Amino acid sequence: MKAPKKLNPKLPPAASRKAAPDASTQAGQAPAMRTGAQCVVDGLVENGVNTVFGYPGGAVLDIFNVLNRSDLHFILPRHEQGAVHAADGYARASGKVGACLVTSGPGATNTITGLATAHMDGIPLVCICGQVPQHMIGNDAFQEADVTGITRPVSKHNFLVRSADDIPRIMAEAFYIAATGKPGPVVIDIPKDVQRQKTAAVRPGQVHIRSYNPDIVADPDQIAKLADAINRARRPVLYVGGGVIAGDASAELTALARQSDIPVTTTLMGLGAFPETDPLSLRMLGMHGSYAANMAVQVCDLLISVGARFDDRVTGRVDSFASKATIAHIDIDRSAIGKITHAHIPVLGYAKPVLQALLPLVKPAKRTAWRAQVAVWQAEHPAFTYPHTRKELLPQFVIEKIYEVSQGQAVVVTDVGQHQMWSAHFYKYTRPRSFISSGGLGTMGFGLPAAIGAQLARPEALVVAIAGDGGIQMNAQELVVAVEHKLPIKVVIINNGHLGMVRQWQEIFYNRNYSAVVLQQTGRRTGERVSARPQARYLPDFMKLAEAHGANGMRISRPADVVPGLRQAFASPEPWVIECMVSPEANVLPMVPPGASLSDMICKLA
Ligand SMILES: Cc1ncc(C[n+]2csc(CCOP(=O)(O)OP(=O)(O)O)c2C)c(N)n1
């Protein structure tokens, strides 16, 4: 490995390692004393934050006392889980570090799902938690929780602050750690007495952390080896993950694919990294991937993984995944390379500079025979289809129309379940940061608060949150935040009266033993066949829920009403809840059964 050259990878402007000018340190003046709380608020500003999501409580009162006198835009979600998901959505939509602020004990423990969600997907966040005063730590004090202990497995790093003198440095380090290397959430736990202490400390001029050096420059020999493999390959495939979006490397990836005529498949997290309208796009791979993508991976002779981690939802049975291929793995996360499957050509580095270095070494190519084989698979099982013949409203049709009415320009934020997969199938993503979803953790309840964060990050964008009737109920309280801040998000509820994805698994793998998947449909027993559904009455009434929160509501039951309804809502500057009463029995296909090989995908149910 060559001696590392100093890089400054895509840090948000103020999170760069230059010190912000500090009025107190001018020649001849004693440094101004600030409280720890003031240092926190100043630290947020110094590190490039303008929007903070949070919820107050006893252990953060000092910070809140300063916060509302600052220029920070503060958003009060109605649950701390909502705050973290909103900060996460903000980060995913903007590429900046998301910020949230919560109190000790239950405030902090309510963030855990959000932190784990961000951690699994490599999303940069800084989460500041209040803590009981230092002398009470360990006493089972009121609203005490061992936050550093609890958050260790779900964060990239965490700090327990012992002195206000450390706050400016720790704030700078937290933002630096969150944004560099493989991004992730960083927690700062600040006891109340530390918030009240006074300090003359200022932000350090440089962030230097002895045990953490993300300034990685890839080995040119490995890049040359990869270029040679690409030039010699006859059936190469680019397998692209969220690292390409996080690393701002879509343009380079697209250039490489086109220059060397390499078909591209993306993971769920990679949607938008390569235009899905491009003839080289194989669309998504994996459990609910396209037939062509999965077949291409299975027979390729070179698999070039860029910013992906060989997740089990992608690989299926690992020993049969791309088993004929030389595997090249470009990643900034040292621990991801070779973790799941052996990488013949490991390339440790940021996607963007690696691809930039690769491009001049890769010969322009036309892979006619390989492209023809791909076209055969695409003709056999086009990606993606559904039965158009039925009269009832189908969920796939709704997503297709969202794509058409938004002209492919929306930022789509999903919850988790069948609708998430249909949103991946029936909307074509052409730009990075246009598809936002909880991939690794698969967190129901993510969609609505993340859409709020995304809309705040991108006020000009049409943000469409797509959720199931199950998941929307997990954080429905956040609707009021959209109304309060006049955020024009469109919440499309794909209402199939079920926890649809679980129902689908019970149908296929548990002999239709429907257990605990019916959502409050009176007149029908759990376990009764879905098609035997009598006149259903759906609860809760999502139109009343919209009304109660001050949002507009529209219920659509007929296919003919979808386009006019979407047009009306999308043209409106206000938040809308658009409830689509869809067939309860639609399934997400194709599907690779869990643990099976990608070659054994089910394209049609018997
Ligand atoms: C917090 C959480 N709990 C449970 C699950 C397991 N799970 C995955 S999909 C799903 C059903 C989702 O139902 P719904 O929100 O109605 O969406 P649909 O699948 O019908 O589109 C469940 C329960 C999960 N992913 N997240």
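Just so we're clear, the structure is a prediction, and the values are computed from it rather than from any experiment.

Caption draft 1: Structural context of the nonpolar core. One finds F53, V413, I452, V463, V491 and V577 to be the most contacted residues of the largest nonpolar core, which totals 51 residues. Broken down by element, the residue count for this core peaks at seven residues, all from helix α3 (residues 80-94). With near-sequence residues (within four places) excluded, V413 lies in contact with I436, F446, G447, A450, A451, A454, V463, V464, A465 and I466. By size, the runner-up hydrophobic cluster in this structure holds 39 residues, among which are F384, I466, F570 and V582.

Caption draft 2: Fine view of the site of the ligand. The environment of the ligand is made up of 17 residues, and the closest members are Q418, H419, G442, G471 and G500. Separating an oxygen atom of the ligand from a side-chain N or O atom of H419 is a distance of 2.8 Å. Residue D469 places a side-chain N or O atom 3.1 Å away from an oxygen atom belonging to the ligand. Expressed as a share of its isolated accessible area of 580 Å², the protein-covered part of the ligand is 76%.

Caption draft 3: Local environment of the sheet that holds strand β12 (residues 302-306). Strands sit in the order β11-β10-β9-β12-β13-β14 across an open sheet of six strands; the sheet is parallel. Of all the strands in the sheet, just β11 (281-284) and β14 (345-348) have a single pairing partner and so form its edges. In this sheet, neighbouring strand axes are inclined to one another by 15° on average, regardless of whether the strands run parallel or antiparallel. Its contacts with the sheet place helix α11 (residues 250-260) against β9 (236-240), β10 (264-266) and β12, and it is angled at close to 165° to β9.

Caption draft 4: Region of interest: the pattern of salt bridges. Inspection of every chain in the model, using the stated rule, returns 24 salt bridges. With a shortest N-O distance of 3.1 Å, D121 and R92 are connected by a salt bridge. Of the two residues, D121 is situated in helix α5 (residues 112-121) and R92 in helix α3; the sequence distance between them amounts to 29 residues. Exposure remark for D121: the relative accessible area of 11% places this residue in the buried category. In this structure, the salt-bridge partner of R232 is D228, at a minimum N-O distance of 3.2 Å. Taken as a pair, R232 and D228 lie in helix α9 (residues 220-232) at a separation of four residues, close to a single helical turn. The network of salt bridges with common partners includes D88, R92 and D121.

Caption draft 5: Seen up close, helix α1 (residues 36-46). In terms of burial, α1 is largely enclosed, as eight of its eleven residues are buried. Where α1 is concerned, the buried positions are G36, A37, C39, V40, V41, G43, L44 and E46. Directly beyond the C-terminal end of α1, a positive phi value near 90° is found at G48.

Caption draft 6: Focus on the environment of G36. Within the secondary structure, G36 is located in helix α1. The exposure class of G36 is buried, given its relative accessible area of 0%. For the pair G36 and I167, spaced 131 residues apart in sequence, the C-alpha to C-alpha distance is 6.7 Å. In contact with G36, other than residues within four places in its own chain, are A164, I167, V194, Q195 and Q197.

Caption draft 7: Focus on the side chain of S290. Mapped onto the secondary structure, S290 falls in the loop between β11 and α12 (291-299). Non-local contacts of S290, meaning those with residues more than four positions away in its chain, are made with L282, R283, M284, A383, F384 and M601.

Caption draft 8: Representation of the sheet that holds strand β2 (residues 51-54) within the structure. Spatial ordering of the open sheet is given by β3-β2-β4-β5-β7-β6, a layout of six strands whose pairing is parallel. Among the strands making up the open sheet, the edge pair consists of β3 (73-75) and β6 (157-160). Ignoring strand direction, the axes of neighbouring strands in this sheet form an average angle of 20°. Summarising the sheet, β2 and β3 pair through three bridges and their orientation is parallel. Bridge assignment links F53 to a residue of β3, and that residue is I75.

Caption draft 9: Helix α16 (residues 395-405), seen in detail. A large share of α16 lies buried, amounting to nine of its eleven residues. Residues P395, Q396, F397, V398, I399, E400, K401, I402 and V405 constitute the buried set of α16. Each element contacted by the buried residues of α16 is listed here: α17 (418-426), β17 (463-468), β18 (490-495), α22 (562-571) and β22 (576-581). Two residues or fewer past α16, Q407 is found with a positive phi of approximately 55°.

Caption draft 10: Structural detail: the environment of I508. Mapped onto the elements, I508 comes out in helix α20 (residues 500-509). Overall, I508 belongs to the partly exposed group, its relative accessible area being 23%. Spatially, the C-alpha atoms of I508 and M421 are 17 Å apart, while their sequence positions differ by 87 residues. Discounting residues that sit within four places of it in the chain, I508 has contacts with M591 and L605.

Caption draft 11: Focus on the packing of α3 against α5. α5 packs onto α3 with a crossing angle of 25° between their chain directions and a minimal axis gap of 8 Å. With respect to their mutual orientation, α3 and α5 come out roughly parallel. Across the interface between the two elements, Q81, V84, H85, D88 and R92 of α3 pack against T113, G114, L115, T117, A118 and D121 of α5.

Caption draft 12: Highlighting the pairing of β2. Burial along β2 is two-sided: the residues T51 and F53 and V52 and G54 are all buried. For β2 and strand β4 (residues 98-102), the ladder comprises two bridges, and the chain directions are parallel. Residue pairing for β4: F53 is matched across the bridge by C100.

Caption draft 13: Structural detail: the packing of aromatic side chains. A full pass over the atoms with the stated rule returns twelve aromatic pairs. Between F53 and Y90, the aromatic rings sit 6.0 Å apart at their centres with planes inclined by 65°, giving edge-to-face as the arrangement. Of this pair, F53 sits in strand β2 while Y90 sits in helix α3, placing them 37 residues apart in sequence. Accessibility assignment for this pair places F53 and Y90 in one class, buried. With 5.9 Å between their ring centres and 90° between their planes, W370 and W377 make a pair best called edge-to-face. For W377, a relative accessible area of 8% translates into the label buried. What links up through ring pairs into an aromatic cluster is the set Y403, Y427, Y429 and F435.

Caption draft 14: Spotlight on the pairing of strand β15 (residues 411-414). Going residue by residue along β15, you find V411 and V413 tucked away on one face and V412 and T414 tucked away on the opposite face as well. Relative to β17, β15 is paired through four bridges, and the arrangement is parallel. Note on β17: the bridge partner recorded for T414 is I466. Alignment of β15 against strand β16 (residues 435-436), held across two bridges, turns out to be parallel.

About the cut-offs
- Residues numbered from 1 in each chain as written.
- Predicted model: local features only at pLDDT ≥ 70, side-chain atom pairs only at ≥ 80, totals over all residues.
- Heavy atoms only, no water.
- Core = buried A, V, L, I, M, F, W, Y, C linked by side-chain atoms within 4.5 Å.
- Buried < 20%, exposed > 50% of the residue type's maximum accessible area, 1.4 Å probe, protein only.
- Helix = DSSP H or I, 4+ residues; strand = E, 2+ residues; numbered from the N terminus.
- Contact = heavy atoms within 4.5 Å.
- Near = heavy atom within 4 Å.
- Polar contact = N/O pair within 3.5 Å; in protein donor to acceptor, adjacent residues only side chain to side chain.
- Areas by Shrake-Rupley, 256 points an atom, 1.4 Å probe, with all protein chains shown as cover.
- Pairing = 2+ DSSP bridges.
- Axes fitted to C-alpha atoms, helices over the stretch in contact; angles between N-to-C directions.
- Salt bridge = Lys/Arg side-chain N within 4 Å of Asp/Glu carboxyl O.
- Parallel < 35°, antiparallel > 145°, perpendicular 65-115°, else oblique.
- Phe/Tyr/Trp six-rings, centres within 6.5 Å; stacked < 30°, edge-to-face > 60°.

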